[in-house]
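Breakdown of the fold
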Amino acid sequence: MDPIDTGSGSILKQPKAVWATAGASVVAFMGIGLVDPILPSIAQGLDATAGQVSLLFTSYFLITALAMLVTGFVSSRIGGRRTLLLGLALVVVFAGLSGTSGSVGELVGFRAGWGLGNALFVSTALAVIVGAAAGGSAAAILLYESALGLGMACGPLLGALLGDASWRYPFLGTAALMAVGFLCITAFLGEQPRPARKTSLLDPLKALGHGGLASTAISAFFYNYTFFTVLAFTPFVLDMSPYRSGAVFFAWGVLLAVFSVIVAPRLQKRFGSLTVLGGSLVLLAADVLVLGHGSHTTAVVCTVLSGALIGVNNTVYTELALGVSDAPRPVASAGYNFVRWFAAAAAPYFAPKIAEWSDARMPFTVAAVTAVLGALVVLVRRRALTAEAEELQPSHATEDGVGMFAN
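This is a predicted model, so every value here is computed, not measured. (Residues numbered from 1 in each chain as written. Predicted model: local features only at pLDDT ≥ 70, side-chain atom pairs only at ≥ 80, totals over all residues. Heavy atoms only, no water.)

1. Let's talk about helix H7 (residues 169-188)
What counts here: Helix and strand definitions here come from DSSP, where helices need a minimum of 4 consecutive H or I residues and strands a minimum of 2 consecutive E residues; each element is numbered from the N-terminal end. Helix span, as expected, comes to 1.5 Å for every residue beyond the first. Relative accessibility under 20% of the residue-type maximum defines a buried residue, over 50% an exposed one, and the middle range a partly exposed one, all with a 1.4 Å probe and only protein chains included.
Helix length check: H7 (20 residues) gives 28 Å between terminal C-alpha atoms against 28 Å at 1.5 Å per residue, within 8%. Restricting attention to buried positions, one finds in H7 the residues Pro170, Phe171, Gly173, Thr174, Ala175, Met178, Gly181 and Ile185.

2. Concerning the packing of aromatic side chains
Remark: the centre distance and the inter-plane angle together describe each pair of aromatic rings, the angle taken between the planes. Stated precisely, the cut-off is as follows: Aromatic pairing here means that ring centres of Phe, Tyr or Trp (its six-membered ring) are within 6.5 Å. Orientation follows from the plane angle: under 30 degrees is stacked, over 60 is edge-to-face, and everything else is tilted. Geometrically, a charge over a ring is one whose NZ (Lys) or CZ (Arg) sits within 6 Å of the ring centre while staying within 35 degrees of the ring normal.
Counted by the stated rule, this structure contains 17 aromatic pairs. A ring pair is formed by Phe57 and Phe61, whose centres lie 6.5 Å apart and whose planes are at 5°; its orientation type is stacked. With Phe57 and Phe61 both in helix H3 (residues 50-78) and four residues apart, this pair spans about one turn of that helix. Residue Phe57 shares its accessibility class with Phe61, and that shared class is buried. Their ring planes at 75° and their centres at 6.4 Å tell us that Tyr60 and Trp114 sit as a pair that is edge-to-face. Placement of the pair is Tyr60 in helix H3 and Trp114 in helix H5 (residues 104-132), with a sequence separation of 54 residues. The pair formed by Tyr60 and Trp114 is uniform in burial state, with each residue classed as buried. Of note, Arg77 hangs over the ring of Phe73, and the distance from its end group to the ring centre comes to 3.7 Å. When the ring centre of Trp114 is taken as origin, the NZ or CZ atom of Arg111, which lies over that ring, is 4.8 Å away.

3. Side note on a nonpolar patch on the surface
Selection criterion: Candidates for patches are residues over 30% relative accessible area with no salt bridge; among them, like charges are joined within 9 Å and nonpolar side chains (Val, Leu, Ile, Met, Phe, Trp, Tyr) within 5 Å. We get accessible surface area from the Shrake-Rupley algorithm with a probe of 1.4 Å; when it comes to residues, only the shown protein chains can shield them. Salt bridge, as used here, is a side-chain nitrogen of Lys or Arg placed within 4 Å of a carboxyl oxygen of Asp or Glu.
Together, Leu157, Leu161, Tyr243, Phe250, Val254, Val258 and Ile262 give the surface a local cluster of nonpolar side chains, amounting to about 540 Å² of exposed area. Looking at the nonpolar patch, the elements that each hand over two or more residues are helix H6 (136-163) and helix H10 (242-271). When residues in the nonpolar patch are grouped by element, the largest group, five residues, is from H10. With respect to the secondary-structure elements, Val254 resides in helix H10.

4. Examining unusual backbone geometry
Even without being glycine, Asp47 reaches a positive phi, approximately 55°. Position of Asp47 relative to the elements: it lies in the loop between helix H2 (39-45) and H3. Not every positive phi belongs to a glycine, and Asp239 is a case in point at roughly 50°. Locating Asp239 in the fold gives a position in the loop between helix H9 (211-238) and H10. Note on Asp239: relative accessible area 61%, which makes it exposed.

Structure follows, in structure tokens:
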């Protein structure tokens, strides 16, 4: 099948509301990897240590994790359009303030506000795209996943291009782009229907009472520690100029996008979700171990290759989380993301600390161990996951909204 033909129409033939939301989604996902190439520049500009600068990820994802309990509560009461606009407005304000920071403490705090805005936006964007898209939910999902991949790939590149002049420019540039997205959604997106049942703050936590969902979330917690050790700590190990670091993480993002959208579904169909996930986690463990203990050139190659394995893992984990329990999928996804994003907050904090206590290789050794632990959880809990996992199809998660950051 043509990758842009879903069988019921091309993803390119969409209303303006869909393109406005998808475009803003690209920028929202760009904000995640935006700071990667400029982390050393930020540290130098604000006279901060690697550990202090890594808190930019910690504050961002800690708030993102907590926001998973709130986003469904908010969107089910004020509607999708208003939730998107609220999230965009917060990103514009806090991304702009990040560019004016006078200390690393201020920047970490502003990134926390940015994380709240991004959580509100990306957790609602897919549901809005599905509701407004032409060609059915399959076209909407493909468009959203394409936006995710494009944003993750282009974020480091934009950070490098703007950050070469000043570390402040990527933040100010993101604020400007999100302001354009705010105006486009205001102009082109009408109000979306609200769900029949309002989501409570405790619903995502109650969903974690299901053994299969809890197992998926715990395994993903270990995996995300590995993922964000690569994303947040590797730039300091590579010690490259913003342009070179941006090129490395651009290639990383391209592989992530290709393997998430194209390769992972084919592997699942041939080998089964749990086999693919377990194998990919073990390969990721080997990759980060070599990354930390090899030469500089080896570290660059392993960083890029990790994007492929991360792309596969992201797709399989999301589908497992949304299909393994009987909870409504947005609620199950919120509970799952609540658990796993704590690891995304922990890794950027602990990796530099571990390096200070030992050496720069040890954070990657720990990351390799956590990837193996994620695989062991899948293996030990295979019986609880097998029935649901074997029934999953690549399109299974398209009914209620999925994606790497879906709520």
